[in-house]
Amino acid sequence: MDCLTYAGNLRNLTAVADKPGYTFTRANICDRAALDALLDEHRPRAILHFAAESHVDRSILGPEAFIETNIRGTFVLLEAARAYWKTLNSAEQQAFRFLHVSTDEVYGSLEPNDPPFCEETPYAPNSPYSASKAASDHLVRAYFHTYGLPTIITNCSNNYGPYHFPEKLIPLMITHALEGKPLPIYGDGMNVRDWLYVGDHCRALRLVLERGRPGETYNVGGRNERSNKEVVAALCAILDELRPDSPHAPHRQLIRYVKDRPGHDRRYAIDATKLEQELGWRAQETFETGLRKTVQWYLDNAEWVREVQSGSYRDWMDQNYTTRGEMAAQEHTR
Ligand code: DAU
């Protein structure tokens, strides 16, 4: 089920559309009647809750949608799940899972020498986006403690990989570089993120669904801390290699330092020891192998990129980037 708002795209599901276990419903998680009908029809043994407004910059320019989908939507989904769960027999109730997919941003920002976030790190969200995700995590936790609904929360670091909507750092830089557009790095480019290939995240979610303990939280992270400058430099180098004849090579000439994101978290890093030790998870991709695969995917899927860069995407690009300007003296020589 998906609402198919601006980043939703049924074409992302073509590879599974013929599978016998697959069915799609377009609906909003705030729509209780739609949820009740869906649960009643399919009688699922688990709900994986990925539905969220997820882009920090959008949450800064328009927080309301984040409150509505991430907080109220999670509440409505929990209520529908609770009502459905009560109709199950006791074996089914025990086996049922509500897996809430969340983010490391709920923990706030780290100083350079701080240890990575662990499951016990106190919540300290800094953006409307992360605050809305933190609120949803608290609701999910409360439904376990109050009603016994078998919920599990995962908090994951920055994902990247195929099908990533090109408003986020990595796909934005790849698509801009291919088109010879500026590569806008916020602030000094020294903000650090812990990058995780999306396939590794999916493997973690499957494991947590199968063997995770209800009421628990599991952190998921790639142990791949990189500054934004390093990420963009690595992307430019891969593109130079894969597209040596591009008129835009060397692609690093496109780098521009632009006005920073307000309240920009300096560093995220995840300690995934619990997931590794309890469930035996390990990331299979290194940052280098994952990034190369990702660039290759965007090179091979130019039509997908063209399609998602619709009118509303262009409006967002104007809204977010035209006011940032360029910090001219601080170009890529930094
Ligand atoms: O940590 C997990 C989170 O990672 C998820 O919960 C969020 O949904 C996801 O959007 C992501 O949040 P970030 O804010 O870290 O991702 P984003 O791709 O927007 O930015 C990554 C870094 O790159 C961040 O330091 C801001 C910077 N940036 C981003 C954009 C879009 C730039 O320098 N230039 C840009 O144009």
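The text that follows walks through the structure, step by step, so that each part is easy to find.

So, how was this worked out
- Residues numbered from 1 in each chain as written.
- Predicted model: local features only at pLDDT ≥ 70, side-chain atom pairs only at ≥ 80, totals over all residues.
- Heavy atoms only, no water.
- Helix = DSSP H or I, 4+ residues; strand = E, 2+ residues; numbered from the N terminus.
- Buried < 20%, exposed > 50% of the residue type's maximum accessible area, 1.4 Å probe, protein only.
- Axes fitted to C-alpha atoms, helices over the stretch in contact; angles between N-to-C directions.
- Parallel < 35°, antiparallel > 145°, perpendicular 65-115°, else oblique.
- Left-handed = near helix turned anticlockwise from the far one by under 90°.
- Contact = heavy atoms within 4.5 Å.
- Nonpolar A, V, L, I, M, F, W, Y, C, P; charged D, E, K, R; others polar.
- Right-handed = clockwise from strand over helix to strand, strands pointing away.
- Pairing = 2+ DSSP bridges.
- Phe/Tyr/Trp six-rings, centres within 6.5 Å; stacked < 30°, edge-to-face > 60°.
- Lys NZ or Arg CZ within 6 Å of the ring centre and 35° of its normal.

1. Focus on unusual backbone geometry
Glycine aside, a negative phi is what most residues show, and trans is what most peptide bonds show.
Now for step 1: Each neighbour pair has its own omega, and for Ala-249 with Pro-250 the value is -5°, a cis peptide bond.
Now for step 2: Its location among the elements puts Pro-250 in the loop between helix H8 (228-242) and strand S10 (255-258).
Now for step 3: The backbone of Leu-4 sits at a positive phi, close to 50°, despite the residue not being glycine.
Now for step 4: For Arg-223, which is not a glycine, the phi torsion comes out positive at approximately 50°.
Now for step 5: Residue Arg-223 is classed as partly exposed on the basis of its relative accessible area of 46%.

2. Overview of the packing of helix H3 (residues 64-86) against helix H5 (residues 128-147)
Now for step 1: Between H3 and H5, whose axes approach to 8 Å, the crossing angle comes to 15°. Classified by the angle between their axes, H3 and H5 sit roughly parallel to one another. The element H3 and its partner H5 pack so that their crossing is right-handed. Counting all contacts with H3, which are made through Phe-66, Asn-70, Ile-71, Thr-74, Phe-75, Leu-78, Glu-79, Arg-82 and Trp-85, the residues of H5 involved are Tyr-129, Ser-132, Lys-133, Ala-135, Ser-136, Leu-139, Val-140, Tyr-143 and Tyr-147.
Now for step 2: Residue classes in the contact of H3 with H5 are distributed as 11 nonpolar, 4 polar and 3 charged.

3. Some words on the pairing of strand S3 (residues 151-156)
Strand residues, when the strand is regular, have side chains that alternate between the two faces of the sheet.
Now for step 1: Most of S3 sits inside the fold, with 6 of its 6 residues counted as buried.
Now for step 2: Because side chains alternate across S3, one face comprises the buried residues Thr-151, Ile-153 and Asn-155, and the other comprises Ile-152, Thr-154 and Cys-156, equally buried.
Now for step 3: At this point the chain moves from strand S2 (residues 97-103), through H5, to the parallel S3, and the crossover so formed is right-handed.
Now for step 4: Direction of pairing for S3 relative to strand S8 (residues 217-220): parallel, over a ladder of 4 bridges.

4. Re the sheet that holds strand S1 (residues 46-49)
Now for step 1: Read across the sheet, 4 strands follow the order S1-S2-S3-S8 without closing on themselves; strand pairing throughout is parallel. Strands with a single pairing partner mark the edges of an open sheet, and in this sheet they are S1 and S8. Each adjacent strand pair in this sheet contributes to an overall mean axis angle of 20°, direction not counted.
Now for step 2: As paired elements, S1 and S2 share 4 bridges and run parallel to each other. Looking at S2, one finds that Ala-46 is bridged to Arg-97.

5. Brief notes about the packing of aromatic side chains
Now for step 1: Evaluated as defined, the whole model comprises 17 aromatic pairs.
Now for step 2: The rings of Tyr-107, Phe-117, Tyr-123 and Tyr-268 are connected pair by pair, giving a single aromatic cluster.
Now for step 3: A cation sits over an aromatic face here: Arg-82 above Tyr-147, 3.8 Å from the ring centre.
Now for step 4: Lying across the ring of Tyr-218, Lys-274 places its NZ or CZ 4.7 Å from the centre.

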